[in-house]
Amino acid sequence: MDEKQKKPRRPLWFWLILGLGAAVFIFGLGAPRTLSSGNEENVTYDVFLTALEEGKVQEVELKSGTLYYTLKETAQPAATAGPQLNFGFRIMSGSSKKETVYTVTAMEDPNLVDRLHAAGVTFSENPGTGNMLLLILLQYAVPILFYIAIFSFLFRRMGKLGAGGGLMGGFGKSNARSIDGGEVKTTFADVAGQDEAKESLQEIVSYLHNPKEYTEIGARMPRGALLIGPPGTGKTLMARAVAGEAGVPFLSISGPEFVELFVGMGASKVRDLFKEAREKAPCIVFIDEIDAIGKKRDGFGGNDEREQTLNQLLSEMDGFEGNSGVVVLAATNRPESLDKALLRPGRFDRRVPVELPDQSGREAILRIHCNRIKTEGPIDLAAIARITPGASGADLANVINEAALCAVRSGRHAVKQKDLEDSVDVALAGKQRKSMVISQREKEIIAYHEVGHALVAAKQKGASPVHKITIIPRTSGALGFTMQADEDERFLMDKQEAFAKIVTLTGGRAAEEIRFDSVTTGASNDIEQATGIARAMITRYGMSESFGMTAFEQMVNPYLGNDTTMNCSQETAARIDREVIALIDKAYDQAKTILRDNRSKLDEIAQVLIARETISGQEFMDILNAPVALPAKQEETNE
Ligand code: ADP
Ligand code: MG
Ligand code: ZN
């Protein structure tokens, strides 16, 4: 598919090693000794001197600090050798003669040469010419090759050397992945839900199919569409689907790929990308994660490289004619950080929100991914969609995949509903930690805590029904959790419901206090969440009596975590804090009241939970609504 990808080039070190190997092969690691390999015998220096004095030595060769010598035939115990030929520096053909070669470590002996000469011994020194060559090679050539290798590696890192000409021809190559028309197999059918987004993009598709229809009427196509939404909602998928539907060439590149080490290189990549696009028009250019280059240009010390890249992008988008047939799609999850110039009409003038899916959207996404796996037994995807509010398409795809993995782990060949439900728990709270040993007392505390949440939720109007309670520890650090699930999707939350949420969150701690008269660290996450809701009620939702409809906090980065910035005087901030504390105190009191009123149910359900570790919402409600087993207290069992 990647037409532009070159054949993998052999790395430089490969050639380096090959060259070294060849050198070794040619020159040898050391020149062979001329005195050849007969029997070798190691002797001491005095033995050598004695032999020399007695005139028995025939020939001597010095090589790398070792003296090799042979004895005259008469001196040899077994005379096996043939006739001797004495040339000054003779080369003995070793294989023909089987004489003993004595070796001795050479010593500092300045008179040796004179004595050898006097004794009429043939002697030579073997400097090992091959070795020298190799040495030179190692000393000079290898370091040079090494530096060349490092530089070429660095250059490639910086510029991803392409096929361009000139010294630095490759530096500005766009390295966009280019896929020819009709080769993208993704279509709108692969994208579940997101009907509005599809509708917006459908127009681009039909324009690319039949530009004439639009040009005749004089309509100008939007040059670019910006897909915005939280991570994992299918923006990248959608862009591919547009290409698949349109069947035109698809040039895709990710924003961070433009950001280069050298100023100007990103800009030249942009130029290159659009040049290629114009050649291939009609086509789609897709810039993923455009916020990497499209960030607002601010006053302070900006980033030259990024700004140049952005400027180039802006001018390229202005540059091509309205109906040149190049449509630019881009995706981001930080639209608020984008430069205004990028968003003005004529550039990315169409914004396509790709939001988190609603309940039916989640079901549809689950269905698409579920169709790719084998299932058995009844599968209720609507039930899964109900317990995954706030999940993105990527999360849901992951849930299905985890379920399939889970089925394989337990040795089955198809996925059951149970796998899917377990997989949601894994996505929510991590895997089960079966090895974790929890003392009986702690288990009791956890059970009371979780039942506290569930009971408080069940006894309040406006709280979501309980779906599941479990006290199996999870890898996320949760020791248990209570899952609530609404029957239908909720889009609004009224003040009473918001307060009920806080009461439910404080229910865990309240149960601990009522049963054990002590509190634990286990409620920290509940406390955090409760505080968050209480603060939002007061500072953003206008749900406090004393402040009314004034906003003191602004959301920043709505798609990436709900960060907020405080925007009020210190005095007000202090008042807000006091209100938050009062609100949570009130909720905590209410939770305790509910639990005290239902003390026997609290005990009963906690005992069941300790025994079974997990109970479903239905089982929970059954116990709650059953007539009280013990006649100790009169309980109202109605809702
Ligand atoms: P984004 O670019 O918005 O961060 P992606 O397009 O990369 O998200 O989506 C990641 C994956 O999640 C996709 O490959 C797909 O499997 C799944 N996914 C997300 N949204 C949908 C959807 N609407 N329909 C089907 N699958 C989806
Ligand atoms: Mg993406
Ligand atoms: Zn809790």
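All figures in this text were calculated on a predicted structure; none of them were measured in a lab.

Rules of the game
- Residues numbered from 1 in each chain as written.
- Chains lettered and ligands numbered in written order.
- Predicted model: local features only at pLDDT ≥ 70, side-chain atom pairs only at ≥ 80, totals over all residues.
- Heavy atoms only, no water.
- Pairing = 2+ DSSP bridges.
- Helix = DSSP H or I, 4+ residues; strand = E, 2+ residues; numbered from the N terminus.
- Axes fitted to C-alpha atoms, helices over the stretch in contact; angles between N-to-C directions.
- Contact = heavy atoms within 4.5 Å.
- Buried < 20%, exposed > 50% of the residue type's maximum accessible area, 1.4 Å probe, protein only.
- Donors = N, O, S within 2.8 Å, 3.2 Å for Na, K, Ca; no water.
- Tetrahedral: all angles 85-135°; square planar, octahedral: opposite > 155°, others 65-115°.
- Near = heavy atom within 4 Å.
- Polar contact = N/O pair within 3.5 Å; in protein donor to acceptor, adjacent residues only side chain to side chain.
- Nonpolar A, V, L, I, M, F, W, Y, C, P; charged D, E, K, R; others polar.
- Domains from an automatic or database assignment.
- pLDDT = per-residue confidence, 0-100.

**Student:** Would you mind going over the sheet that holds strand β3 (residues 66–71) with me for this structure?
**Tutor:** What links the strands of a sheet is backbone hydrogen bonding, and the strands pair in either a parallel or an antiparallel sense. Ordered by their spatial adjacency, five strands build an open sheet running β1-β4-β3-β2-β5, and the pairing between neighbours is mixed. Each edge of the sheet is formed by a strand with only one pairing partner; in this case those strands are β1 (39–42) and β5 (122–125). Averaged over all adjacent pairs, the angle separating strand axes in this sheet is 20°, with direction ignored. In the sheet, β1 pairs with strand β4 (residues 100–105) via four bridges, with the strands oriented parallel. Within β4, the residue paired with Asn39 across the bridge is Thr100. The strands that helix α2 (residues 45–53) touches are β2 (57–63), β3 and β4; relative to β3, the one it contacts most, it runs at about 40°.

**Student:** Got a minute to help me understand the pairing of strand β7 (residues 224–228) in this structure?
**Tutor:** Residues in a regular strand point their side chains to alternate faces of the sheet. Taking burial as the measure, the five residues of β7 include five buried ones, the bulk of the element. Burial along β7 is two-sided: the face carrying Gly224, Leu226 and Ile228 and the face carrying Ala225 and Leu227 are both buried. With five bridges joining them, β7 and strand β10 (residues 326–332) adopt parallel strand pairing. Its bridge partner being in β10, Leu226 is matched across the sheet by Ala330. When β7 meets strand β11 (residues 350–353), the two strands line up parallel, connected through four bridges.

**Student:** When you look at the coordination of the zinc ion (ligand 3) in this model, what are you seeing that I'm missing?
**Tutor:** Six octahedral donors at a metal ideally form angles of 90 or 180 degrees, and four tetrahedral donors ideally form angles of 109.5 degrees. Coordination sphere of the zinc ion (ligand 3), protein contribution only: His449 (NE2), His453 (NE2), Asp526 (OD) and Asp526 (OD), at 2.0 to 2.8 Å. Given four donor atoms and angles of 52 to 143° at the metal, the environment of the zinc ion (ligand 3) is assigned as irregular. Spacing between the donor residues of the zinc ion (ligand 3) along their common chain follows H-x3-H-x72-D. Taken together, the positions of His453 in helix α16 (residues 440–458) and Asp526 in helix α18 (residues 524–539) put the pair 73 residues apart, joining distant regions of the chain. Each member of the pair, His453 as well as Asp526, is classed as buried.

**Student:** So what exactly am I meant to see when it comes to the site of ligand 1 here?
**Tutor:** Around ligand 1, a shell composed of 15 residues is seen, among which Gly232, Lys235, Thr236, Leu237 and His369 lie nearest. Here an oxygen atom of ligand 1 and a backbone polar atom of Gly232 are 2.7 Å apart. Measuring from a nitrogen atom of ligand 1, one finds a side-chain N or O atom of His369 at 2.9 Å. Listing elements by their share of the shell around ligand 1, those giving two or more residues are α7 (235–246), α12 (359–370) and α14 (393–409). Tallied by class, the residues present in the shell around ligand 1 amount to seven nonpolar, six polar and two charged. When residues of the shell around ligand 1 are assigned to domains, at least three fall in each of domain 2 (177–212 + 220–353) and domain 3 (359–429).

**Student:** I'm lost on the confidence of the model for the protein in this one. Help?
**Tutor:** Of all residues in the protein, 82% attain a pLDDT of 70 or more, and the chain-wide mean is 81. Every residue in residues 160–170 is under pLDDT 50, and counting partners more than four places away or in other chains gives 14 contacts. The model gives residues 631–639 a pLDDT under 50, and that stretch makes 13 contacts with residues more than four places away or in other chains.

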